[in-house]
Amino acid sequence: MTNLTKEQIALINKPLPAEAIKDHPSKVGMSTIKAIFVTDRLNEVFGVGGWQIRTREVSMEKIESVTKAGKDRTTYMCVTHTTFSVPDHSIYYECIAGSSNDDCGDAYKGSTTDAITKVSSYLGIGADIWRGVESVPTEFTTELSAVKSVAELSAVKTKYTNLLSNKAVVKLLTEKYNEVK
């Protein structure tokens, strides 16, 4: 076993970009992490092929229902048992996860995706999101640090309008405004 390097620990704890977060599809006021950003981070920390997952089906249930419009609908609910490991660092986690979908294969894949994001949270990837701390894109903070006037600040704010719902971004903009006014 080798210990994680300081660089690996820093990458694990590095906030995910704002675009990694999306609204939860069925739970109002909740968010989820797009799985590809977690996969990218795992590859960044451990290298492509440096980590492994194994998934086995625990159950697959076919649910027949009728929609409000009176149409028949079939949904599949899949529950999987997933193991995650990083052999070079003796890291090993297990997780039960689930997903439902109108397509049986997509329910299975969704369950695996759910497991990867859950196990990655055990490592600390995306922990800032689970703690309710919003991440701030590096590009934004880099541009903001170079701002020397209110006019420049206004231009940065306009460029990053899509981030104005992020409380951390608003706080940084307010602090910079107080600095340059």
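Provided above is the structure to which this section pertains.
Residues numbered from 1 in each chain as written. Predicted model: local features only at pLDDT ≥ 70, side-chain atom pairs only at ≥ 80, totals over all residues. Heavy atoms only, no water.

## What about the packing of helix H1 (residues 6–13) against helix H2 (residues 35–46)?
Alright, step 1. With their axes 9 Å apart at the nearest point, H1 and H2 run at an angle of 170° to one another. When the axes of H1 and H2 are compared, the pair comes out roughly antiparallel. Across the interface between the two elements, Gln8, Leu11 and Ile12 from H1 touch Arg41, Glu44, Val45 and Phe46 from H2.
Alright, step 2. Residues belonging to the contact of H1 with H2 are distributed by class as follows: four nonpolar, one polar and two charged. (Axes fitted to C-alpha atoms, helices over the stretch in contact; angles between N-to-C directions. Helix = DSSP H or I, 4+ residues; strand = E, 2+ residues; numbered from the N terminus. Parallel < 35°, antiparallel > 145°, perpendicular 65-115°, else oblique. Contact = heavy atoms within 4.5 Å. Nonpolar A, V, L, I, M, F, W, Y, C, P; charged D, E, K, R; others polar.)

## Thoughts on unusual backbone geometry
Alright, step 1. Even without a glycine there, the phi angle at serine 90 is positive, about 50°.
Alright, step 2. Locating serine 90 in the fold gives a position in the loop between strand E4 (72–86) and strand E5 (91–101).

## Some words on the pattern of salt bridges
Once their charged atoms are close, side chains differing in charge can pair, the charge on each being opposite to the other.
Alright, step 1. This structure, assessed with the given rule, holds seven salt bridges.
Alright, step 2. Across the pair lysine 109 and aspartate 106 runs a salt bridge whose closest N-O atoms are separated by 2.9 Å. Here lysine 109 and its partner aspartate 106 are both found in helix H3 (residues 104–123), three residues apart, which amounts to about one turn of the helix.
Alright, step 3. On the basis of relative accessible area, lysine 109 is assigned to the exposed category, the value being 51%.
Alright, step 4. With its nearest N and O atoms 3.1 Å apart, the salt bridge here joins glutamate 179 to lysine 176. Of this pair, glutamate 179 and lysine 176 both sit in helix H7 (residues 167–180), separated by three residues, roughly a single helical turn. (Salt bridge = Lys/Arg side-chain N within 4 Å of Asp/Glu carboxyl O. Buried < 20%, exposed > 50% of the residue type's maximum accessible area, 1.4 Å probe, protein only.)

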